[in-house]
Amino acid sequence: MSFLDSRLLLALSICVSISCGRGPSSTRSKRTEVRLAVTRGSLLYMPVFVAGPAGCFEKQNLTVKIEQTEGAPKSVMALLAGTVDAVAGGYLQALDLVSQGRPLRAFLVMQRFPGFAAVVLPRASQPIQTIEDLKGAKVGVSAVGGESHRILKYILRQHGMKPEDISAISLGPSVTQVPSLERGRVDVLLAQGVTISFLQRRHPDLRLLFDTRTPELTKAALGVEQAPESVLLTREDWLRSSPDTARHLAGAFQCAMAWIQEHSSEQIREALPESSRSPDTAADLDAIMSAKRMLSPDGRMTPELHEAAVRVSGLVSPNLAQAYTNDFLDRQ
């Protein structure tokens with residue numbers, strides 16, 4: 001082999017080595033990891049559960065570790081403790097924390113209606129026909145201090161009652177509430193998602209004291225046609241230190257909400273975890289269709305949505321204007 005041939009062979013070997021080093025596994029950037037807390041099984045946070053199966057996290061080059069909790073208050077506790085980067089939580093709770101000076105901010109709206117209904121137990125311990133009849137009743141909520149409890153307290157005040165006029169009982173995530181309702185542990189349940197559909201199918205004459213799943217029903221219950229419910233919430237220091245990650249996370253959820261609108265209830269149910277399903281497939285499909293109608297079209301918080309939530313919260317604080325931002329949303 002000539003000297004020239006040897007140099008050519010060496011050059012070719014080096015070229016092949018470099019090409020191998022630049023293969024797909026090395027050129028693909030490492031995914032950014034995000035830790036996210038969410039209430040187990042709740043369809044209030046449906047985009048959280050479908051974003052992975054829909055490929056939305058992958059499109060944004062994210063690895064999202066989802067921690068399912070027993071309620072939004074526990075999710076927020078994890079956020080404040082720094083064990084997660086963001087939470088899917090309720091906007092009313094976010095306003096409460098911001099009014100206390102907590103440096104938190106919502107940066108995407110998932111659901112623009114509360115989505116709760118007050119379901120009367122078929123065997124309630126006392127006759128309940130109206131809101132006023134709730135005095136002395138046991139009312140089940142997903143978590144004391146959570147969104148359903150806050151909605152209930154607002155409605156009680158609107159009807160001349162005090163929150164102390166009822167006994168609020170924590171029952172946990174929605175799908176697990178049905179046995180408590182039917183065994184008579186509570187008189188009324190603040191239900192949402194699959195729980196409402198499941199109970200209505202089992203009890204066709206089920207009485208709803210109020211409902212907040214459509215503009216008309218929300219107007220009747222709260223005095224406003226829309227009020228933001230589920231949001232992505234994080235600490236302000238995380239937004240400052242990880243703006244690109246926040247933007248990618250918000251983009252993943254905008255992607256998930258678009259995916260939900262483009263797919264059937266059957267396809268969405270297949271993407272949901274077991275914790276979000278009931279034993280009744282038809283009830284699940286009804287609940288998913290209802291949840292689809294309540295989703296934000298673009299994830300943006302408007303001044304009108306914010307003011308509606310402030311009205312329901314009953315809070316007065318100069319800090320509330322800082323409770324949300326749209327700066328991390330894709331301007332589609």
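Now for a look at the structure at hand. Given the structure is predicted, the values throughout are model-derived calculations rather than measurements.

Analysis parameters
- Residues numbered from 1 in each chain as written.
- Predicted model: local features only at pLDDT ≥ 70, side-chain atom pairs only at ≥ 80, totals over all residues.
- Heavy atoms only, no water.
- Helix = DSSP H or I, 4+ residues; strand = E, 2+ residues; numbered from the N terminus.
- Buried < 20%, exposed > 50% of the residue type's maximum accessible area, 1.4 Å probe, protein only.
- Contact = heavy atoms within 4.5 Å.
- Areas by Shrake-Rupley, 256 points an atom, 1.4 Å probe, with all protein chains shown as cover.
- Polar contact = N/O pair within 3.5 Å; in protein donor to acceptor, adjacent residues only side chain to side chain.
- Disulfide = S-S within 2.5 Å.
- Salt bridge = Lys/Arg side-chain N within 4 Å of Asp/Glu carboxyl O.
- Pairing = 2+ DSSP bridges.
- Axes fitted to C-alpha atoms, helices over the stretch in contact; angles between N-to-C directions.
- Core = buried A, V, L, I, M, F, W, Y, C linked by side-chain atoms within 4.5 Å.

On to the overall build of the protein chain, then. Helix and strand content of the protein chain: 15 helices and 10 strands. For the protein chain, with 332 residues in total, the buried portion stands at 54%. Here the analysis covers contacts within the protein chain between residues at least 6 apart in sequence; of these, 79% occur between residues at least 24 apart. In the form shown here, the protein chain has an accessible surface area of approximately 15,100 Å², with 51% of it arising from carbon and sulfur atoms.

This part covers the side chain of Ser278. Counting through the fold element by element, Ser278 comes out in the loop between α13 (265–271) and α14 (281–294). One polar contact links the side chain of Ser278 to the main-chain amide nitrogen of Asp280, over a distance of 3.1 Å. Engagement of the side chain of Ser278 in a polar contact is seen with the side chain of Asp284, the distance being 2.8 Å.

Right, let's talk about the environment of Tyr45 for a bit. Structurally, the position occupied by Tyr45 is in the loop between β1 (32–39) and α3 (46–51). The class of Tyr45 is buried, set by a relative accessible area of 2%. Each C-alpha atom of the pair Tyr45 and Ala291 lies 9.3 Å from the other, and the pair is 246 residues apart in sequence. The residues contacting Tyr45, other than those within four sequence positions of it, are Val38, Thr39, Ala72, Ala88, Gly89, Gly90, Met110, Glu229 and Ser230.

One pass over the full model with this rule turns up one disulfide. In this model Cys56 forms its disulfide with Cys255; the gap between the sulfur atoms is 2.1 Å. The sign of the -70° torsion about the S-S bond sets the Cys56-Cys255 disulfide as left-handed. Taken together, the residues Cys56 in helix α4 (residues 56–59) and Cys255 in helix α12 (residues 243–262) connect sequence positions 199 residues apart. With a relative accessible area of 1%, Cys56 lands in the buried category.

Going through the model one piece at a time under the given rule, you end up with 12 salt bridges. The shortest N-O distance in the salt bridge between Arg35 and Asp85 comes to 2.9 Å. You can see Arg35 sitting in strand β1 and its partner Asp85 sitting in the loop between α5 (72–81) and β3 (86–90), a full 50 residues away along the chain. The exposure class of Arg35 is partly exposed, given its relative accessible area of 31%. By relative accessible area, Asp85 is classed as buried at 8%. Two residues, Asp284 and Arg269, come together in a salt bridge whose shortest N-O distance is 2.8 Å. With Asp284 in helix α14 and Arg269 in helix α13, this residue pair connects regions lying 15 residues apart in the sequence. Across this residue pair, the class does not change: Asp284 and Arg269 are buried.

An order of β2-β1-β3-β10-β4 is seen for the five strands of this open sheet, with the pairing classed as mixed. In the strand order of this sheet, the two ends are held by β2 (62–69) and β4 (104–109), each with one partner. Here the strands of the sheet are splayed against their neighbours by 30° on average, with no regard to which way each runs. In terms of strand pairing, β1 meets β3 through two bridges, oriented parallel. Looking at β3, one finds that Leu36 is bridged to Ala86.

With that settled, consider unusual backbone geometry. For Asn61, which is not glycine, the phi torsion reads 60° and is therefore positive. As for its placement among the helices and strands, Asn61 is situated in the loop between α4 and β2. Its relative accessible area of 23% is what places Asn61 among the partly exposed residues.

This part is about the nonpolar core. Judged by nonpolar contacts, the single largest core of 96 residues is most densely connected at Tyr91, Leu134 and Leu249. The element contributing the most residues to this core is α12, with nine residues. The contacts of Leu134, once residues within four sequence positions are left out, are Gln126, Ile128, Val139, Leu152, Leu156, Met161, Asp165, Ile166, Val188 and Leu209. The next biggest cluster of nonpolar side chains, apart from the first, holds 10 residues, and it includes Leu171, Val186, Leu199 and Leu206.

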